[in-house]
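Commentary on secondary and tertiary structure
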Amino acid sequence: MLSRGTFEACNAAISDHNQCSKRFFNSNSISIGCRKSFVSSSSSLPGRVGQVLAVATNETKRKQVAYEPSLADRLRLGSISEDRMSYKEKFIVRCYEVGINKTATVETIANLLQEVGCNHAQMVGFSTDGFATTHTMRRLHLIWVTARLYIEIYKYPAWSDVVEIETWCQSEGRIGTRRDWILRDCATGEVIGRATSKWLMMNQDTRRLQKVTDEVRDEITVYFPKELRLAFPEENNGSLKKIAKLEDPAEYSKLGLVPRRADLDMNQHVNNVTYIGWVLESMPQEIIDTHELQTITLDYRRECQQDDVVDSLTSVEPIEDVGANGSAATAPKDVDKSFLHLLRLSSDGLEINRCRTEWRKKPSRI
């Protein structure tokens, strides 16, 4: 039996797909604006046709250049907004993306966020090597690394539901950038989730962080909203909450977790989403049986390699910590339980990831 709103959502998706295909196939080109400092070449972006080239100078207004979409561009249900400041894409939840609750897992949600972010970077002409790097970044061997990810889910989509995800980027001080997302149910237009993340720049060779240079900033800010736009504009929202360190002994643990080959991403490191699965491995079963995850915050502190062995620790968050973030953020009203988590190397106890989760009671389902 198909899930709620499937027929309406699919019809809407098919209509949008037809319009999208007509726009791609019937037009001779799509115009994308660039600045002098942003240059892409077909050699640095394998498998793509007619890449974006820089044609503008600082003394002239931005010009438009022809862009020929790839087959993937034509088939995926994604598009740049009219003001070119955000990107939207529709996804159908597959049967293998749902879990024991018969809804999409939080790992599925996180993977879709990652996918739409990568597709956004690809659509504006950044590299396809998994780093979303600009021309200057590749020349200087610089990459982006995730510093923090915060996801808030109000309603999990079910199998065959169609979800639309909107994403955009903007500056985050002098040391990095941020990417935000809004998730909507395509059938109803209802906002079912929001997310935000912080990214820092790292030298790929030395593995040291460094400030975003003016040259790189000039390349990326052309795609930033002109006005500050936040997925969580509320004052003292949950994405600002600091995560207290989980001290030993933890109430719950899962020791000796080993990365599988399938956990490695295209950059030969453990994928960011894998950490979420490891965190949940040490959750008490009685909570998994009666609750569903509402918010998750992950602070990434150390890279994890294929040969590393990881311990996952979990404890109930002390009452005095709930609502204290350095500026007293409050939890959503329907949060029933909150936990602190720690992923660490089994060998020396070094922190890999510090995490906080909030859980609500599972809704009754027919």
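Placed above this text is the structure.
Report follows, based on the coordinates. (Residues numbered from 1 in each chain as written. Predicted model: local features only at pLDDT ≥ 70, side-chain atom pairs only at ≥ 80, totals over all residues. Heavy atoms only, no water.)

1. Notes on the packing of aromatic side chains
The geometry of an aromatic ring pair is captured by two quantities: the separation of the ring centres and the angle between the planes. On inspection of all chains with the given rule, the structure shows four aromatic pairs. Measuring from ring centre to ring centre gives 5.2 Å for Tyr150 and Phe232, while their planes differ by 75°; the resulting arrangement is edge-to-face. Taken together, the residues span a long stretch of sequence, with Tyr150 in strand E5 (residues 142-153) and Phe232 in the loop between helix H5 (214-220) and strand E10 (252-257) at a distance of 82 residues. Comparing Tyr150 with Phe232 shows no difference in burial state: the two are buried. Members of the aromatic cluster, joined through ring pairs, are Tyr275, Trp278 and Tyr300. (Phe/Tyr/Trp six-rings, centres within 6.5 Å; stacked < 30°, edge-to-face > 60°. Helix = DSSP H or I, 4+ residues; strand = E, 2+ residues; numbered from the N terminus. Buried < 20%, exposed > 50% of the residue type's maximum accessible area, 1.4 Å probe, protein only.)

2. A few points about the pattern of salt bridges
With the rule as written, the count across this model stands at 18 salt bridges. With a closest N to O distance of 3.6 Å, Arg194 and Glu152 form a salt bridge. Taken together, the residues span a long stretch of sequence, with Arg194 in strand E8 (residues 191-203) and Glu152 in strand E5 at a distance of 42 residues. On the basis of relative accessibility, which here comes to 8%, the residue Glu152 falls in the buried class. A salt bridge links Asp248 to Arg344, with the shortest nitrogen-to-oxygen separation between them at 2.8 Å. With Asp248 in the loop between H5 and E10 and Arg344 in strand E13 (residues 337-345), this residue pair connects regions lying 96 residues apart in the sequence. In this structure, a network of salt bridges that share partners links the residues Glu172, Arg178, Asp180 and Lys198. (Salt bridge = Lys/Arg side-chain N within 4 Å of Asp/Glu carboxyl O.)

3. What to know about the nonpolar core
Formed by 44 residues in total, the largest nonpolar core has its most connected members in Ile151, Ile165 and Tyr275. Residue contributions to this core peak at seven residues, all from helix H3 (residues 106-123). In terms of nonpolar packing, the next biggest core, distinct from the first, is built from 14 residues, Ala121, Val124, Trp144 and Cys169 among them. (Core = buried A, V, L, I, M, F, W, Y, C linked by side-chain atoms within 4.5 Å.)

4. Some details on the packing of H3 against helix H6 (residues 272-281)
At a closest axis distance of 9 Å, the pairing of H3 and H6 adopts a crossing angle of 165°. For the element pair H3 / H6, the angle class is roughly antiparallel. In the crossing of H3 with H6, the sense of the turn from one axis to the other is right-handed. Here H3 contributes Val106, Glu107, Ala110, Asn111 and Gln114 to the contact with H6, which in turn contributes Asn272, Val273, Ile276, Gly277 and Leu280. (Axes fitted to C-alpha atoms, helices over the stretch in contact; angles between N-to-C directions. Parallel < 35°, antiparallel > 145°, perpendicular 65-115°, else oblique. Left-handed = near helix turned anticlockwise from the far one by under 90°. Contact = heavy atoms within 4.5 Å.)

5. With respect to H6
The element H6 is largely enclosed, with a buried count of eight among its ten residues. Turning to H6, its buried residues number three or more, namely Val273, Thr274, Tyr275, Ile276, Gly277, Trp278, Val279 and Leu280. In this fold, the buried residues of H6 make contact with H3, E10, strand E11 (291-300), strand E12 (310-316), E13 and strand E14 (351-361). Between the side-chain oxygen of the N-cap and the backbone nitrogen of Val273 there are 2.8 Å, and the N-cap of H6 in question is Asn271. (Polar contact = N/O pair within 3.5 Å; in protein donor to acceptor, adjacent residues only side chain to side chain.)

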